[in-house]
Amino acid sequence: MMQDSLPVRGSPGSPYTRKMLAVLRFRHIPYRFLQSEEDAGGLPPPKVGLIPIVYFPDEQGELCAEVDSTPIIRRLEDEYPGRSVLPENTIVGLLNYLLEDYGDEWLTKAMFHYRWYYADDIEKAGSVLPHYANVSVPDKTIAELKQAFSQRQIDRLYVVGSNDTTAEVIEDSYKRFLHGLNDHLKNHPFLLGQRPASADFACMGQLTQLAHFDPTPSLYTAEYFPRVHAWVSKLEDLSGLAVQDDGFFTADIPDTLTALLHEVGRTYVPVMLANALALDRGLDKVETEVDGRVWVQQPFPYQGKCLQWLRIEFARLPREDREILLTILAGTGCERLFTPDP
Ligand SMILES: N[C@@H](CCC(=O)N[C@@H](CS)C(=O)NCC(=O)O)C(=O)O
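Residues numbered from 1 in each chain as written. Predicted model: local features only at pLDDT ≥ 70, side-chain atom pairs only at ≥ 80, totals over all residues. Heavy atoms only, no water.

So what's going on with the packing of aromatic side chains? Residues and values would help.
A complete count under the given rule lists twelve aromatic pairs for this structure. When the ring of Tyr 102 is compared with that of Phe 177, the centres are 5.7 Å apart and the planes differ by 45°; the resulting orientation is tilted. Here Tyr 102 is found in helix H4 (residues 90–117), whereas its partner Phe 177 is found in helix H8 (residues 167–185), with 75 residues between them in sequence. Comparing Tyr 102 with Phe 177 shows no difference in burial state: the two are buried. Seen in terms of ring centroids, Tyr 117 and Tyr 118 are 5.2 Å apart; in terms of plane orientation they differ by 90°. Their pairing is edge-to-face. On the accessibility criterion, Tyr 117 (26% relative accessible area) is partly exposed. Taking the relative accessible area as the measure of exposure, Tyr 118 reaches 29% and is therefore partly exposed. By the ring-pair criterion, three or more aromatic residues cluster together here, those being Tyr 114, Tyr 117, Tyr 118 and Tyr 174. Here the guanidinium or amino end of Lys 124 rests over the ring plane of Phe 213, the centre of that ring lying 4.2 Å away. (Phe/Tyr/Trp six-rings, centres within 6.5 Å; stacked < 30°, edge-to-face > 60°. Helix = DSSP H or I, 4+ residues; strand = E, 2+ residues; numbered from the N terminus. Buried < 20%, exposed > 50% of the residue type's maximum accessible area, 1.4 Å probe, protein only. Lys NZ or Arg CZ within 6 Å of the ring centre and 35° of its normal.)

Below, the structure written as structure tokens:
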């Protein structure tokens, strides 16, 4: 059993780790969660130093380190049948890809921002997170780790685009997202219908921290959106959920999902487009407007790739599906991802 289980290296404080583990639980894929160097027992490091790391056996049975939850989830679909998190309908499949990327690449801005911007949040994360690899580390060592780790993370706020200019934009967008998700959940248990898709797990991963851990956003979430708070807890372990074959929406999507797409089009879209443009032009600064307010950040090469991957997914669709999709997205702002600006 241990040999067949998939080694996953990560941490409870990592939203992408929580995304990955929740997918594995829902999909009934056996795994072992490695929370320290010691747990990892000499497994090789990945090429890019990120968590979660999933170890897949190669043809010789050697374990190879893979990072990046989105392609890993697709690889798992190929290797383990059943309880899929990818809608078969290609149009809904693309919406899922888009919403997954929104969770991974936009909601994470709120997650990182709240955690390392406010004193209470910095204090809690700095105190708790260093214990995750080993709870028995002496207090004196933890105090040093807390200082060094917090400073490193605060110094990296610029990476996600959190700064005094963008703080309000990020926070307002988080609150609107909660509002939109809350409305949607009143009638549908998951973003794309009666069964969970990878987009649910992406959003839930970020929310394990935003809604459940970091004091500023979690107090807000519990007070105003208890439904969303509960949703996150439920999504962590959907191993007992019976899956309906026809559980995903077809192209006829509800208004509450369209409203969420408007939110995606209001924030994620202009920033992804401006970031890609800055990268193309070799600029050292992304400058655009989000929601009528100034957005400035350093270009983020990885998010440039995310946009390319999303466009590849779109280009792969049959022509009539692309047309239907653009009709669904018309007016949400998301259509700009796939059509050149006039
Ligand atoms: N796109 C990656 C992002 C993973 C990621 O950013 N992980 C964070 C932790 S949540 C990380 O490892 N950051 C590097 C660091 O903290 O040194 C995914 O979907 O897995």
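Kindly report on the site of the ligand, identifying the contributing residues and their values.
Lining the immediate surroundings of the ligand are Ser 14, Pro 15, Tyr 16, Gly 49, Leu 50, Ile 51, Pro 52, Asp 68, Ser 69, Arg 152, Arg 156 and Tyr 302. At 2.7 Å from an oxygen atom of the ligand is found a side-chain nitrogen or oxygen belonging to Arg 152. For the shell around the ligand, the residue count by class is six nonpolar, three polar and three charged. Residues lining the shell around the ligand come from more than one domain, with at least three contributed by each of domain 1 (6–79) and domain 2 (90–337). (Near = heavy atom within 4 Å. Polar contact = N/O pair within 3.5 Å; in protein donor to acceptor, adjacent residues only side chain to side chain. Nonpolar A, V, L, I, M, F, W, Y, C, P; charged D, E, K, R; others polar. Domains from an automatic or database assignment.)

Outline the packing of helix H10 (residues 215–224) against helix H11 (residues 226–236), supporting the account with residue identities and numerical values.
At a closest axis distance of 5 Å, the pairing of H10 and H11 adopts a crossing angle of 110°. Taken together, the axes of H10 and H11 lie roughly perpendicular to each other. Contacts between H10 and H11 involve Thr 221, Ala 222, Glu 223 and Tyr 224 from the first element and Pro 226, Val 228 and His 229 from the second. In terms of residue class, the contact of H10 with H11 is made up of four nonpolar, two polar and one charged. (Axes fitted to C-alpha atoms, helices over the stretch in contact; angles between N-to-C directions. Parallel < 35°, antiparallel > 145°, perpendicular 65-115°, else oblique. Contact = heavy atoms within 4.5 Å.)

Explain the nonpolar core residue by residue, including any values.
Residues Leu 98, Tyr 174, Leu 192, Leu 207, Trp 231, Tyr 268 and Leu 337 are the most contacted members of the largest nonpolar core, which totals 78 residues. Considering each element in turn, this core owes the most residues, 13 residues, to H4. Counting contributing residues, this core receives three or more from each of domain 1 (6–79) and domain 2 (90–337). Counting residues in hydrophobic clusters, the runner-up holds eight residues, among them Ala 125, Leu 129, Val 160 and Phe 213. (Core = buried A, V, L, I, M, F, W, Y, C linked by side-chain atoms within 4.5 Å.)

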